[in-house]
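For reference, the chains in residue letters:
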Amino acid sequence: MRWGVLDRLLGEPGAFFEQCRQGRPHVFTPPCLPQEVPTLRELTGALGGALMRTPYVELLRDGELVPAGEFGAAAGCADGPQEGFADPERIMHLLAEGATLLLPRLGRWNASVGALTALLSQDLGRETEAFCFATTVGSRGPDVHRDGADVLVVQLAGRKEWTVYEAEAPADGTRGPGPVPSPGAPVLHTVIGAGDVLYVPRAAPHTASGDDGLSVHLALAIGDTTGDRVDGPPSRPMEDGQLLCLARELMQRARTRVDASAPAGSLARAGGALPCSPGRIPVNRPDAG
């Protein structure tokens, strides 16, 4: 089977789907990255273009958002000065102090990344969003945490050290994002360089830190088609706890539908008495407006 962009991004899509099924992290080294992947020059040029502003540029420090006033500046607009425009000099100063630069939902304003996420969504049958992170050497990103999506990490510049732990299987069947203070055993400890692609399975706790100068990576978050449960490609088997939770939810939905279709439920929806005979059923028409 031919893929729109997965072949070019990973080099071996078959291995990717196998790692998805097993819920195991993996590093891919494609011959070259797709042309839709942005260059560092392109991203720094956007930051220096005087138009970038919150919420499409953010900084994190010690796991908290940096107030926009610390890295933004006012710019003259038709309605007067507007706050929150990115100031490259302030951003580089904060990066040097250990902050992390975040460009959320990059595909919404960058045409190349928009094409990349659209092609991935088409290949995988799932919505895909792109986020860009930049850190300096020795700076750590968030503490050990899990994401609510499968993630492909595309290293754009520099090097980054990653530790990925065994994926969790919460008893309630959900795999939402959040901190993981006590992760299990590490299953992958690696350093990736420019051009490498790291797959981090959904719910797998992980942490990362810059390893060489300015480290920049693109995180492609592959969402679900049905909320918090893995239900379509890429897929993996559900654990017993997840299956039990899903079965309970389906049974509750069935009970709700049965109750709604009972005579009393139908009467409540109709908002009045049932007709006396089949030949006297009123017809509800939409309003002309």
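Along each chain, numbering runs from 1 in the same order as the chain's sequence is written. Reporting of local features is limited, given that this is a predicted model, to residues whose pLDDT is at least 70; pairs of side-chain atoms are given and counted only at 80 or more, and all residues count toward the totals for whole chains, interfaces and linings. Based on all heavy atoms of the structure, the side-chain values leave hydrogens and waters out of the count.

Q: I'd like a rundown of the overall build of the protein chain, residues and numbers included.
A: Each helix is a run of H or I in the DSSP string that is no shorter than four residues. Each strand is a run of E no shorter than two, and both are numbered from the N terminus. Summing up its helical and strand segments, the protein chain has 8 helices and 13 strands in all. Three exposure classes are used, based on accessible area relative to the maximum for each residue type with a 1.4 Å probe and protein chains only: buried under 20%, partly exposed in between, and exposed over 50%. Counting all 289 residues of the protein chain, 42% fall into the buried class. Throughout, a residue-residue contact means that at least one pair of heavy atoms, one from each residue, lies within 4.5 Å. For the protein chain, contacts bridging at least 24 residues in sequence account for 78% of all contacts bridging at least 6. Surface summary for the protein chain: the accessible area is close to 15,600 Å², and the carbon and sulfur share equals 55%. Computed with a 1.4 Å probe, the accessible areas rest on the Shrake-Rupley method; for each residue, only the protein chains presented here act as cover.

Q: Could you give me a rundown of unusual backbone geometry, with the residues and numbers involved?
A: The amide bond that connects threonine 54 to the next residue, proline 55, takes the cis arrangement and shows omega of 5 degrees. The backbone phi angle of alanine 203 is positive, close to 75 degrees, even though this residue is not glycine. By relative accessible area, alanine 203 is classed as buried at 1%.

Q: I'd like a description of the layout of surface pockets, backed by residues and values.
A: Method remark: on a 1 Å grid restricted to protein atoms, a set of points is classed as a cavity if a 1.4 Å probe fits but cannot get out and as a pocket if it is open with protein on both sides within 12 Å along at least five of seven lines; lining residues have an atom within 4 Å of a point. Grid points are joined across faces, edges and corners, and a volume is the space filled by probe spheres set on the points. Counted as a void, the largest pocket has a volume near 760 Å³. Lining the largest pocket are 38 residues; nearest its centre among them are Phe131, Phe133, His145, Asp147 and Val151. Those elements giving two or more residues to the lining of the largest pocket turn out to be β2 (58–61), β6 (100–103), β7 (128–135), β8 (145–146), β9 (150–165), β10 (178–179) and β13 (206–222). Of all the elements, β13 adds the most residues to the lining of the largest pocket, at 9 residues.

Q: Go over the environment of phenylalanine 131, please, and point to the residues and values.
A: In this fold, phenylalanine 131 is placed in strand β7. When the C-alpha atoms of phenylalanine 131 and proline 104 are compared, they prove to be 4.7 Å apart, with 27 residues separating the residues in sequence. When sequence neighbours within four positions are dropped, the list of residues in contact with phenylalanine 131 reads Leu102, Leu103, Pro104, Arg105, His217, Leu218, Ala219 and Ala221.

Q: Which residues make up helix α6 (residues 111–124), and what are the values?
A: Along an α-helix, residues three or four positions apart point the same way, because every turn accommodates 3.6 residues. The span one expects for a helix is its residue count, reduced by one, times 1.5 Å. The terminal C-alpha atoms of α6, which comprises 14 residues, lie 20 Å apart, in line with the 20 Å expected from a rise of 1.5 Å per residue. Residues of α6 that are buried: Val113, Gly114, Leu116, Thr117, Leu120, Asp123 and Leu124. Where α6 is buried, its residues touch α1 (6–10), α2 (13–22), β7 and β13. For α6, the N-terminal cap is asparagine 110; the gap from its side-chain oxygen to the backbone nitrogen of serine 112 is 3.1 Å. Following α6 by one or two positions, glycine 125 has its phi on the positive side, about 70 degrees. Here a polar contact is taken to be a pair of N or O atoms separated by no more than 3.5 Å, where protein atoms must pair a possible hydrogen donor with a possible acceptor and residues adjacent in sequence count only if both atoms sit in side chains.

Q: Now, about the pairing of β2: what can you tell me, with residues and values included?
A: A pair of strands is labelled paired if DSSP reports no fewer than 2 bridges between them. Sheet analysis places β2 next to β6, joined by 3 bridges and oriented antiparallel. Bridge pairing in β6 links leucine 60 to threonine 100. In terms of strand pairing, β2 meets strand β3 (residues 64–65) through 2 bridges, oriented antiparallel. Residue pairing for β3: leucine 60 is matched across the bridge by leucine 65. Two successive antiparallel strands, β2 and β3, enclose a turn made up of 2 residues, where aspartate 62 displays a positive phi of approximately 55 degrees.

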